[in-house]
Amino acid sequence: MFLFDAWYVAAMDRDLADVPLPIRVLNERIVLYRQTDGTAVALENACVHRKLPLSMGRIQGDDIECGYHGLVYNAAGECVRMPCADRIPKKARVRSYPLVSRYGLLWIWMGSAERADAATICHVEQWGNPSWGVTGGDAMTVDCNYLYMTDNLLDPSHVAWVHRSSFGNAACESTAVQVAAGEAGVIASRWMRAVEVAPIYVPFMPFSGIVRSIAAL
Ligand code: FES
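Quantities reported herein were computed from a predicted structural model and do not represent experimental measurements.

Cut-offs applied
- Residues numbered from 1 in each chain as written.
- Predicted model: local features only at pLDDT ≥ 70, side-chain atom pairs only at ≥ 80, totals over all residues.
- Heavy atoms only, no water.
- Phe/Tyr/Trp six-rings, centres within 6.5 Å; stacked < 30°, edge-to-face > 60°.
- 1 Å grid on protein atoms, 1.4 Å probe; cavity = no way out; pocket = protein on both sides within 12 Å on 5 of 7 lines; lining within 4 Å.
- Points joined across faces, edges and corners; volume = space filled by probe spheres on them.
- Nonpolar A, V, L, I, M, F, W, Y, C, P; charged D, E, K, R; others polar.
- Pairing = 2+ DSSP bridges.
- Helix = DSSP H or I, 4+ residues; strand = E, 2+ residues; numbered from the N terminus.
- Patch = residues over 30% accessible without salt bridge, like charges linked within 9 Å, V, L, I, M, F, W, Y side chains within 5 Å.
- Areas by Shrake-Rupley, 256 points an atom, 1.4 Å probe, with all protein chains shown as cover.
- Salt bridge = Lys/Arg side-chain N within 4 Å of Asp/Glu carboxyl O.
- Buried < 20%, exposed > 50% of the residue type's maximum accessible area, 1.4 Å probe, protein only.
- Disulfide = S-S within 2.5 Å.
- Contact = heavy atoms within 4.5 Å.
- Polar contact = N/O pair within 3.5 Å; in protein donor to acceptor, adjacent residues only side chain to side chain.

(A) Quick peek at the packing of aromatic side chains. Under the defined criterion, the tally for this structure stands at five aromatic pairs. On the numbers, 6.3 Å between centres and 85° between planes, the contact of Phe 2 with Phe 4 is edge-to-face. An aromatic cluster of at least three residues, connected via ring pairs, comprises Phe 2, Phe 4 and Tyr 146.

(B) Spatial organisation of empty space enclosed by the protein. Following the criterion strictly, the structure yields one cavity of 30 Å³ or more and no others. Each pocket or cavity is described by its volume, and for the largest cavity that value is around 30 Å³. Lining of the largest cavity is provided by Cys 47, His 49, Arg 50, Lys 51, Leu 52, Cys 66, Tyr 68, His 69, Gly 70 and Leu 71. Tallied by class, the residues present in the lining of the largest cavity amount to five nonpolar, three polar and two charged.

(C) The arrangement of the sheet that holds strand β2 (residues 21-25) in detail. Sheet architecture is open: four strands sit in the order β2-β3-β4-β9, paired in antiparallel fashion. Two strands bound the open sheet, and with one partner strand each, they are β2 and β9 (96-97).

(D) Main features of a nonpolar patch on the surface. A cluster of nonpolar residues, Val 124, Trp 127 and Val 134, forms a patch on the protein surface that exposes about 290 Å² of accessible area. Tracing the chain through its elements places Val 124 in the loop between β11 (105-109) and α1 (146-153).

(E) Here's a closer look at the pattern of salt bridges. All chains considered together, the criterion is met by six salt bridges. Note that Asp 13 and Arg 34 form a salt bridge whose closest N and O atoms lie 2.6 Å from each other. In this pair, Asp 13 sits in the loop between β1 (7-12) and β2 while Arg 34 sits in strand β3 (residues 28-34), placing the two residues 21 residues apart along the sequence. Here Asp 13 and Arg 34 have matching classes, each one buried.

(F) Representation of the state of the cysteines within the structure. Taken as a whole and judged by the stated rule, the model has zero disulfides. Of the cysteine sulfurs around Cys 79, a residue in no disulfide, the closest is that of Cys 47, at 7.4 Å. Under the relative-accessibility criterion, Cys 79 is labelled buried at 8%.

(G) Geometry of the environment of Lys 51. Along the chain, Lys 51 turns up in the loop between β4 (40-44) and β5 (58-60). Separated by 97 residues in sequence, Lys 51 and Tyr 148 place their C-alpha atoms 33 Å apart. Excluding residues within four positions of it along the chain, Lys 51 makes contact with Glu 44 and Ala 46.

(H) Here's a closer look at unusual backbone geometry. Unlike most non-glycine residues, Cys 84 shows phi in positive territory, near 70°. On the secondary structure map, Cys 84 appears in the loop between β8 (79-81) and β9.

(I) Quick look at the side chain of Asn 45. Along the chain, Asn 45 turns up in the loop between β4 and β5. Only 2.7 Å separates the side chain of Asn 45 from the backbone nitrogen of Leu 54, close enough to count as a polar contact. Within the structure, the side chain of Asn 45 is placed 2.8 Å from the backbone nitrogen of Ser 55, a separation counted as a polar contact. With residues near it in sequence (within four places) discarded, Asn 45 still touches Pro 22, Arg 29, Ile 30, Val 31, Leu 52, Pro 53, Leu 54 and Ser 55.

Pasting the structure below:
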């Protein structure tokens, strides 16, 4: 069972270039591609004709063409070209998903499009602030049920022991995690004041000694 009315990270923005990118979200096959102005599009990855993945086709301007018999779909998922046909049936369309580029990520809405509100994408403090840096990396595939990952990430109390050589240290042992429930979920956080920073942050410290406070999610 999945939570459909939510924003999910579909891909890193930088990973979507000039060829269709097949992805799978909540067990749905989706194809991403870019229009000529760079706008990213997400469509159901199955042609209505013989279900060939559209990701096996090619981008044609702002549209995508199926690689089997040449049906062409626009960003709304409507078939706009059907070679050798007199007319295009209204039902000849694939699902189109709301997609938003933010924080270097492509966010996809898996529920009803009418309920998609980009304002509800989680807020990242200090994003765009030139005095703050951004570190990046590749996606990590974890071979387990996704519920284990949500459980792990909502439970930062483990970092003092599991990640002692990186972003955990003894200070994490004695600072309780606060949990706040909201309409859309829960936030687990804690403030650690006047502590030594964990080993992974030390190279980035502009000074030595303790820091006044660290917010750790
Ligand atoms: S399967 Fe796509 S056009 Fe035939």
